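# Analysis of the macromolecular model
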Amino acid sequence: MKENGKHKGFRVAAIQMASGPSVTANLEEAARLIEDAVSQQAKLIVLPEYFCIMGMKDTDKLAAREQPGDGQIQKFLSDTAKRLGIWLVGGSVPLASPDPDKIYNSCLVYADNGEQVARYDKIHLFGLRLGHEHYAEEKTIKAGDKVVTVDSPFGRIGLSICYDLRFPELFRLMKNVDIILAPAAFTAITGKAHWEVLVRARAVENMAYVIAPGQGGYHVNGRETNGDSMIVDPWGVVMERLPRGSGAVVATIDPDYQTSLRANLPALNHRTLQSC
């Protein structure tokens, strides 16, 4: 059922994985979980960051990089979207950059005809030195510089990846999006402390639904990710979640409910500081 060109109510899914170093094996697992989400009537399905590869070392993703529009990972996303008649989002795909020692960490959106309709290159690169955990994404990733939104049958969608959640100005620059995508691979330590509050805050302050799929569990490389993939409504309520393990988190988005909230609490119209 549609109203004014938008689905009146529709099912969406956040896919949680514990990806490993084999791209082929990860794509097979992603396919299984996508099929599970489709069996629950999901029409917009979002995979987590690094769904296609979590290497034994940070540089492994360089070997898996693809040229834009060509490669095993992008073909999988396009073919799967078209075959199942869904909108499918590759949480992040390693794409070639001008620097041979770095990739773009890119969120790719495919329409139900298999066409890529949006690409967002991760802007904020994660860095952490906390106990035995050290991360420095800038060593292997080239930062993007463009805020990306895409108009869809489901409304206006804003794209982000993981660490971006800590920078609310990014989401303000998207301008009144209906849905925010936040695929992630939060560490267990930072995730336990901040993941839920960040996801819910972005939903509340933008009065938007947030689909937040994560890596969740122990990985072959010894890393532990937070998981707790969730779908949050514009009031900040966690609609569905999956604390650990692989699976599909599915919920129904209601545009009428969102419209009502924004009419009753027009906070987005009350902004006076417009620099962001």
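My aim in this report is to walk through the structure given alongside it, one point at a time. (Residues numbered from 1 in each chain as written. Predicted model: local features only at pLDDT ≥ 70, side-chain atom pairs only at ≥ 80, totals over all residues. Heavy atoms only, no water.)

### Some details on the nonpolar core
In this structure, L44, I179 and I211 are the most contacted members of the largest nonpolar core, which totals 45 residues. Excluding its chain neighbours within four sequence positions, the residues that come into contact with L44 are R11, V12, A13, W87, V89, F154, I157, I179 and I211. Within the second largest apolar cluster, 31 residues are counted, among which are I15, A30, A64 and V250. (Core = buried A, V, L, I, M, F, W, Y, C linked by side-chain atoms within 4.5 Å. Buried < 20%, exposed > 50% of the residue type's maximum accessible area, 1.4 Å probe, protein only. Contact = heavy atoms within 4.5 Å.)

### Some details on the side chain of E49
Of note, E49 is situated in the loop between β4 (42-46) and α2 (60-63). Relative accessible area serves as the criterion here: at 1%, E49 is assigned to the buried category. Polar side-chain contacts of E49 include one of 2.9 Å to the side chain of N105. Setting aside chain neighbours within four positions, we find E49 in contact with G91, S92, N105, K122, E137, I161, C162, P183, A184, A185 and Q215. (Helix = DSSP H or I, 4+ residues; strand = E, 2+ residues; numbered from the N terminus. Polar contact = N/O pair within 3.5 Å; in protein donor to acceptor, adjacent residues only side chain to side chain.)

### Quick word on the packing of aromatic side chains
All told, the structure shown has 6 aromatic pairs when counted by the stated rule. Here the aromatic rings of F126 and Y135 are separated by 5.5 Å at their centres, their planes lie at 35 degrees, and the arrangement is tilted. No difference in accessibility class separates F126 from Y135, as the two residues are buried. Three or more aromatic residues joined by ring pairs form one cluster here, namely F126, Y135, Y163 and F167. A cation over an aromatic ring shows up here: R244 above the ring of Y218, its NZ or CZ 5.4 Å from the ring centre. (Phe/Tyr/Trp six-rings, centres within 6.5 Å; stacked < 30°, edge-to-face > 60°. Lys NZ or Arg CZ within 6 Å of the ring centre and 35° of its normal.)

### Digging into the pairing of strand β6 (residues 103-110)
When you tally the buried positions in β6, you get 8 out of 8 residues, the bulk of the element. Alternating residues of β6 divide into I103, N105, C107 and V109 and Y104, S106, L108 and Y110, and every residue in both groups is buried. One ladder, built from 7 bridges, connects strand β5 (residues 87-96) with β6; its direction is antiparallel. Bridging across to β6, G90 finds its partner in L108. Where β5 folds back on β6, the antiparallel hairpin that results is connected by 6 residues. Between β6 and strand β7 (residues 116-121), which follow one another and run antiparallel, lie 5 residues, and G114 among them has a positive phi close to 90 degrees. (Pairing = 2+ DSSP bridges.)

### Side note on the sheet that holds strand β18 (residues 247-253)
With respect to topology, 6 strands assemble into an open sheet ordered β7-β6-β5-β4-β3-β18, the strand pairing being mixed. The open sheet is flanked by β7 and β18, the only strands paired with a single partner. The mean angle between the axes of side-by-side strands here comes to 25 degrees, regardless of whether they run parallel or antiparallel. Sheet topology note: the β4/β5 ladder contains 3 bridges and is parallel. Residue pairing in the sheet places V46 in a bridge with V89 of β5. (Axes fitted to C-alpha atoms, helices over the stretch in contact; angles between N-to-C directions.)

### Side note on empty space enclosed by the protein
Taken as a whole and judged by the stated rule, the model has 2 cavities of 30 Å³ or more. There is about 50 Å³ of room inside the largest cavity. F171, R172, K175, N176, V177, N206, L268 and R271 are the residues that line the largest cavity. By volume, the second largest cavity is sized at about 40 Å³. As for the second largest cavity, its lining consists of Y50, C52, I53, K61, S92, V93, P94, I103 and N105. Those elements giving two or more residues to the lining of the second largest cavity turn out to be β5 and β6. (1 Å grid on protein atoms, 1.4 Å probe; cavity = no way out; pocket = protein on both sides within 12 Å on 5 of 7 lines; lining within 4 Å. Points joined across faces, edges and corners; volume = space filled by probe spheres on them.)

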